[in-house]
Amino acid sequence: TVPGALLLDAGATTDNQGINLQRLKTVFLPAANKSIWAEFSVILTAATPPVTKAQLFIGLAASDTTIIASGAVSTQNHIGWKIEDGGLLVSTFTCNKAGTGATATGHTFVAATAVRLGFFYDGVADTVQQYIDGVATGSAIATTYIPKAAVYPSFVCQSDGTDRPNLIVRGYRIVQLR
């Protein structure tokens, strides 16, 4: 692994088994005039490379011990990237406010290759723009789908029944206007 990085190991090849990690000491609350900048530097690999399938969540989510349950994101109130059951290595950028969500095409992971996943919540326009490796990707997601609730840095790495995936978090930074 990368020195100083966080390794999230799914621990098995059993479908829907893995790790759910949140930093509950660091809370963010999307609100008017309170913009948020977030960037997550990650690598997806496997205990026995190459990785071909995984279930992931990387982003901000409401406090929950099972962000991904039965292969799908079950947590309401989140902003981030997900790979659900059967998604192979193709992620979807998602915003969900109390069960009402919107998605955009996310990043397609390449085994053992670093990527920077970022977003900007514009507290004035009340939109969220996705960034992949520093480049704005897709259209901004509108206010209807942006959670106005406490969300925390959150990471999930689970098996999709084939590989034993490993998510390496090389670092992340999140800043919010107060």
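Now for a description of the structure that goes with this document. Note that the structure is predicted; figures quoted are calculated from it, not measured. (Residues numbered from 1 in each chain as written. Predicted model: local features only at pLDDT ≥ 70, side-chain atom pairs only at ≥ 80, totals over all residues. Heavy atoms only, no water.)

1. Section: the overall build of the chain
Where we set the bar: Every helix listed is a DSSP run of H or I at least four residues long, and every strand listed is a run of E at least two residues long, numbered separately from the N terminus. Each radius of gyration is computed over the set of C-alpha atoms, and the globule rule expresses the reference value as 2.2 Å times the number of residues to the power 0.38. We call a residue buried when its accessible area falls under 20% of the maximum for its residue type, exposed when it is over 50%, and partly exposed in between, using a 1.4 Å probe and counting protein chains only. Contact between two residues is taken to exist if any of their heavy atoms lie within 4.5 Å; hydrogens are not considered. Calculation of accessible area relied on Shrake-Rupley with a 1.4 Å probe; when residues are assessed, cover is drawn exclusively from the protein chains displayed.
Helix and strand content of the chain: zero helices and 14 strands. Traced from its N-terminal end to its C-terminal end, the chain shows the element sequence β-β-β-β-β-β-β-β-β-β-β-β-β-β. At 15 Å, the chain has a C-alpha radius of gyration in line with the 16 Å of a compact globule built from 178 residues. In terms of overall dimensions, the chain has a C-alpha envelope of 45 × 30 × 30 Å along the principal axes. A buried classification covers 47% of the 178 residues belonging to the chain. Pairs at least 24 residues apart make up 67% of the contacts formed inside the chain by residues separated by at least 6 positions. Put simply, the chain shows about 7,700 Å² of open surface, and 53% of that area lies on carbon and sulfur atoms.

2. Description of the nonpolar core
Which entries qualify depends on this criterion: Grouping buried Ala, Val, Leu, Ile, Met, Phe, Trp, Tyr and Cys residues that are joined through side-chain atoms within 4.5 Å yields what is termed a nonpolar core.
With 37 residues, the main nonpolar core has Phe40, Val42, Phe93, Phe109, Phe119 and Leu167 as its most contacted residues. Here the element with the most residues in this core is strand E3 (residues 36-46); it accounts for six residues. Those residues in contact with phenylalanine 119 that lie beyond four places of it in its chain are Ile36, Trp37, Ala38, Phe40, Leu60, Ile79, Trp81, Phe93, Val128, Gln129, Gln130 and Tyr131. If you look at the next biggest cluster of nonpolar residues, it comprises six residues, including Ala61, Ile68, Val73 and Val156.

3. Some points on the sheet that holds strand E10 (residues 115-122)
Filter applied, for reference: Two strands are counted as paired when DSSP detects at least two bridges linking them. A fitted line through C-alpha atoms represents every axis, and for helices the fit uses only the stretch in contact; the resulting angles, taken between N-to-C directions, go from 0 to 180 degrees.
Strand order in the open sheet made by the six strands is E1-E14-E3-E10-E11-E12, with antiparallel pairing throughout. What marks the edges here is a single partner per strand, and that holds for strand E1 (6-9) and strand E12 (135-141). Strand-to-strand twist across the sheet, computed as the mean angle between neighbouring axes with direction ignored, equals 25°. The pairing of E1 with strand E14 (residues 165-176) spans four bridges and is classified as antiparallel. Among the inter-strand pairings, leucine 7 is bridged to a residue of E14, identified as isoleucine 168.

4. With respect to the environment of aspartate 126
Cut-off, in case you're wondering: Any N or O atom pair separated by 3.5 Å or less is treated as a polar contact, with the protein-specific requirement of one donor-capable and one acceptor-capable atom, and with residues adjacent in sequence counted only for side-chain atom pairs.
When you line up the elements, aspartate 126 lands in the loop between E10 and strand E11 (127-132). Along the backbone, aspartate 126 and isoleucine 141 are 15 residues apart, and their C-alpha atoms lie at a distance of 8.8 Å. Excluding residues that lie within four positions of it along the chain, aspartate 126 makes contacts with Tyr121, Ile141, Ala142, Thr143, Ile146 and Lys148. Within the structure, the side chain of aspartate 126 is placed 2.7 Å from the side chain of tyrosine 121, a separation counted as a polar contact. A distance of 3.1 Å separates the side chain of aspartate 126 from the side chain of lysine 148, its partner in a polar contact.

5. Quick word on a nonpolar patch on the surface
Applied cut-off: By definition, no residue in a patch forms a salt bridge, and every one has over 30% relative accessible area; like charges are joined within 9 Å, nonpolar side chains (Val, Leu, Ile, Met, Phe, Trp, Tyr) within 5 Å. Basic side-chain nitrogens of Lys or Arg form a salt bridge, by our definition, when they fall within 4 Å of a carboxyl oxygen of Asp or Glu.
Together, Trp37, Val175 and Leu177 make up a nonpolar patch on the protein surface, roughly 280 Å² of accessible area in all. One can find tryptophan 37 in strand E3. Residue class for tryptophan 37 comes out partly exposed when judged on its relative accessible area of 39%.

6. Considerations on the pairing of strand E7 (residues 78-83)
Judged by how many residues are buried, E7 sits mostly within the fold: six of six residues are covered. Every second residue of E7 is oriented toward a common face, with His78, Gly80 and Lys82 on one face and Ile79, Trp81 and Ile83 on the other, all of them buried. Pairing analysis gives six bridges linking strand E4 (residues 55-61) to E7, with the strands arranged antiparallel. The residue bridging leucine 56 from the neighbouring strand is isoleucine 83, located in E7. As paired elements, E7 and strand E8 (residues 90-97) share five bridges and run antiparallel to each other. From the neighbouring strand, lysine 82 faces E8, where its bridge partner is threonine 92.

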